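# Summary of the model geometry
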Amino acid sequence: MRTIVRGGTVVTAAEEVVADVLVDGERVVGVVSPGAVPFVADTEIDATGRLVVPGGVDAHTHMEMPFGGTFSADTFETGTRAAAWGGTTTIIDFPIQSRGGSLREGLDAWHAKAAGKCAIDYGFHMILADVDDSSLKEMEALVGEGVTSFKLFMAYPGVFYSDDGRILRAMQKAAETGGLIMMHAENGIAIDVLVEQALARGQTDPRYHGDVRHALLEAEATHRAIQLSRVAGAPLYVVHLSARQALDQVAAAREAGDNVFAETCPQYLFLSTDDLARPGFEGAKYVCSTPLRPAEHQAALWRGLRNDDLSVISTDHCPFCFKGQKEMGLGDFSKIPNGMPGVETRMDLLHQGVVEGRISRRRWIELACATPARMFGLHPRKGTIAPGSDADIVVYDPTAQQTHSAATHHMAVDYSAYEGRTTTGRVDTVLSRGRVIVDRGEYLGSAGHGSFLARDTCGYLR
Ligand code: URP
Ligand code: ZN
Ligand code: ZN
């Protein structure tokens, strides 16, 4: 099957050029001046007046995740389909090691959930919930089979939490094996004290979730994670960074030349504690950790995205329905399942940053496609449009307006965090490995088209 995407403006992290993109089978075989190369194609896609960009790489999702006494609402089937609608053609999800269980058991369970279900390609990071001699030993085997990054939690005592000694040992192992430690950096021990005190004062509404998860406790944990990674001689990737004080810690480490990287997520750029404080129980829709911050943090995050102290935009997609799931925390904010939907809206929201002049188009692609691919060992296969790369291609209309709503989105969750908000830019057509899976409002994909990606180690460290 040969396809030509004709006459669009091809945007990669490196350049913008009007070109034809030639696809043979699953791969890009050429990016050439319009009409320059005779190419007999089975399918022609007219991209005149459109952007032609690499499929998005969302390096942080949680499909069917058991958490907070329930499961995140998207399955691999519904979540990857929604991702495709939003122009994302690769996700990296998080298998969980259960306490007392092995990494292998956790990984096998995730393979079983995802195999044959995904509309787009997928990889895995591994959540370490129980760092001991045997799980440390297993890390090496996982790196060998393409699970090259490991998430640790300084938050959630009694659930995923690791103490500093365990974190240090995992970092040492990562340094030895080429793995990358991803850190949920919040001081969970101190947060739990503040939770107890708030509840004792009768402060039970969702907005108190933001108060007890203090920005300084994100900054403190980020600082500690950086110091531990220095001691271990290991690189560090800080996930879902939301506080400007935490960003200051990352910026200082990068200035000092350390291999410290960080991501933020659209919710921290477009939403704030004002949303957590919505009347009634509405704020529960906005409960995630790290929490939304006061709006003044947003300018610092956009600056970080421009100057590369923040290198990646992921979603931390972890949707829970308002009815029946978020409602588990009625009368006690600490029982609201933590997480928000977002896998479908990431490319559009970040494009809105382009429209508003906060970042350039090339930076949009760098943050959402190229850098996550390189960071997590998928470059040059993913994240770019170049001869030899997978033909994961999005034809994007940069001028179309859309109004976000749960009534029209494809995620299996009963609310949109951006209900009624209008943004400029919309996906027209999506190709995953050469196959058209979304075509101007029509879904043509199928469960099982997506395959598991065995990833290389971090491309910034090789
Ligand atoms: O609130 C969040 N972020 N839920 C998902 C789990 C995590 O910590 O990433
Ligand atoms: Zn986390
Ligand atoms: Zn997460």
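Predicted model, so just to flag it, every value in this text is computed and none were measured. (Residues numbered from 1 in each chain as written. Chains lettered and ligands numbered in written order. Predicted model: local features only at pLDDT ≥ 70, side-chain atom pairs only at ≥ 80, totals over all residues. Heavy atoms only, no water.)

## Details of the coordination of the zinc ion (ligand 2)
How we decide: Because no water is among the atoms considered, metal sites can look incomplete, with donors defined as N, O and S atoms within 2.8 Å of the metal, or 3.2 Å for Na, K and Ca. When accessible area is computed with a 1.4 Å probe and restricted to protein chains, residues below 20% of their type maximum are described as buried, those above 50% as exposed, and intermediate ones as partly exposed.
Note on the zinc ion (ligand 2): its protein donors are K151 (NZ), H184 (ND1) and H240 (NE2). The metal-donor distances range over 2.1 to 2.2 Å. Each donor residue of the zinc ion (ligand 2) belongs to the same chain, and together they define the spacing K-x32-H-x55-H. Assessed through its relative accessible area of 2%, K151 is described here as buried. Residue H184 is classed as buried on the basis of its relative accessible area of 1%.

## Some remarks on the site of ligand 1
As a reminder of what qualifies: When at least one non-hydrogen atom of a residue lies within 4 Å of a molecule or strand, that residue is treated as near it. Between N or O atoms, a polar contact is any pair within 3.5 Å; within protein, one atom must be a potential hydrogen donor and the other a potential acceptor, and residues adjacent in sequence are included only when both atoms are from side chains. Only the protein chains shown count as cover for residues, and all accessible areas are computed by the Shrake-Rupley method using a 1.4 Å probe.
Neighbouring residues of ligand 1: 14 residues in total, closest K151, H184, S289, D316 and N338. Between K151 and ligand 1, the recorded distance is 2.9 Å, taken from a side-chain N or O atom to an oxygen atom. At 3.4 Å, a side-chain N or O of Y156 approaches an oxygen atom of ligand 1. Burial of ligand 1 by the protein amounts to 100% of the accessible area it has alone, namely 270 Å².

## Let's talk about helix α1 (residues 76-85)
Condition: A helix here means a DSSP run of H or I that spans at least four residues, while a strand means a run of E at least two residues long, and both kinds are numbered starting from the N terminus. Residues are treated as being in contact if the distance between any of their heavy atoms lies within 4.5 Å.
Across the ten residues that make up α1, a large majority, eight, are buried. By the burial criterion, the buried members of α1 are F76, T78, G79, T80, A82, A83, A84 and W85. In this structure, the buried residues of α1 make contact with β9 (88-93), α2 (103-114), β10 (121-124), β18 (422-432), β19 (435-439) and β20 (442-443).

## Brief notes about the pattern of salt bridges
Selection criterion: Salt bridges are defined as contacts in which a side-chain nitrogen from Lys or Arg sits within 4 Å of a carboxyl oxygen from Asp or Glu.
By the definition in use, this model includes 34 salt bridges. Note that R50 is salt-bridged to D397, the shortest N-O span being 3.7 Å. Here the residue R50 occupies a position in the loop between β4 (43-46) and β5 (51-54), and D397 occupies one in strand β17 (residues 393-403), the gap between them amounting to 347 residues. Under the relative-accessibility criterion, D397 is labelled buried at 9%. The salt bridge involving R50 is made with D428; its shortest N-O contact spans 2.5 Å. Placement of R50 in the loop between β4 and β5 and of D428 in strand β18 is noted, with a sequence separation of 378 residues between them. Taking the relative accessible area as the measure of exposure, R50 reaches 25% and is therefore partly exposed. Among the charged side chains, a network of salt bridges with common partners joins E26, R27, D121, R381, K382, D390, D392 and R433.

## Section: the sheet that holds strand β6 (residues 56-61)
Here is the rule: Two strands are counted as paired when DSSP detects at least two bridges linking them. Structural elements are reduced to axes, namely lines fitted to C-alpha atoms, with helices fitted over the stretch in contact, and the angle between N-to-C directions of any two is expressed from 0 to 180 degrees.
With parallel pairing, the three strands of this open sheet are ordered in space as β6-β9-β10. The two strands at the open ends of the sheet, each matched to only one other strand, are β6 and β10. Each strand axis lies, on average, 20° off the axis of its neighbour in the sheet, ignoring direction. Bridge count between β9 and β10: four bridges; the pairing is parallel. Following the sheet pairing, I91 is matched in β10 by Y122. Docked against the sheet, α1 engages β9 and β10, running at close to 140° with respect to β9. Strands in contact with helix α12 (residues 346-355) are β6 and β9; relative to β6, the strand with the most contacts, it is inclined by about 110°.

## Considering the coordination of the zinc ion (ligand 3)
This is how the line gets drawn: Irregular is the label for any site that misses the other tests, which are tetrahedral for four donors with all angles between 85 and 135 degrees, and square planar for four donors or octahedral for six when opposite donors exceed 155 degrees and the remaining angles lie between 65 and 115.
The zinc ion (ligand 3) binds to the protein through H60 (NE2), H62 (NE2) and D316 (OD); the donor distances cover 2.0 to 2.1 Å. What the four donor atoms of the zinc ion (ligand 3) show is an angle range of 88 to 138° at the metal, which sorts the shape as irregular. As a motif over one chain, the donors of the zinc ion (ligand 3) read H-x1-H-x253-D. In this structure, the zinc ion (ligand 3) lies 3.9 Å away from the zinc ion (ligand 2). Of this pair, H62 sits in the loop between β6 and β7 (66-67) while D316 is found in the loop between β16 (312-313) and α12, placing the two residues 254 residues apart along the sequence.

## A closer look at the environment of P291
Its location among the elements puts P291 in the loop between α10 (273-276) and α11 (297-307). Residue P291 is classed as buried on the basis of its relative accessible area, which comes to 0%. A sequence separation of 78 residues divides P291 from R213, and the C-alpha atoms of the two residues are 6.8 Å apart. Not counting residues up to four positions away in its chain, the partners in contact with P291 are E186, H209, G210, R213, S242 and Y268.

## Looking at the pairing of β6
Counting buried positions along β6 yields six of six residues, so the element is predominantly enclosed. Examined bridge by bridge, β6 and β9 share four bridges and lie parallel to one another. Counted as the bridge partner of G56 is T88 from β9.

## Side note on helix α4 (residues 164-177)
Our working definition: One less than the number of residues in a helix, times 1.5 Å, gives the span that helix is expected to have. Note that the arc is computed from the directions linking the helix axis to the C-beta atoms.
With 14 residues, α4 extends 20 Å between its outermost C-alpha atoms, agreeing within 8% with the 20 Å of an ideal straight helix rising 1.5 Å per residue. Considered for burial, the residues of α4 that qualify are I167, A170, M171, K173, A174 and T177. Projection of α4 onto a plane perpendicular to its axis shows the buried side chains occupying an angular sector of 160°, all on one side. Next to the buried residues of α4 lie α3 (133-144), β12 (149-153), β13 (180-184), α7 (215-232) and β14 (236-238). The backbone nitrogen of G165 has a side-chain oxygen 3.2 Å away, supplied by the residue at the start of α4, namely D163. Looking one or two residues past α4, G178 carries a phi angle of roughly 90°, positive in sign.

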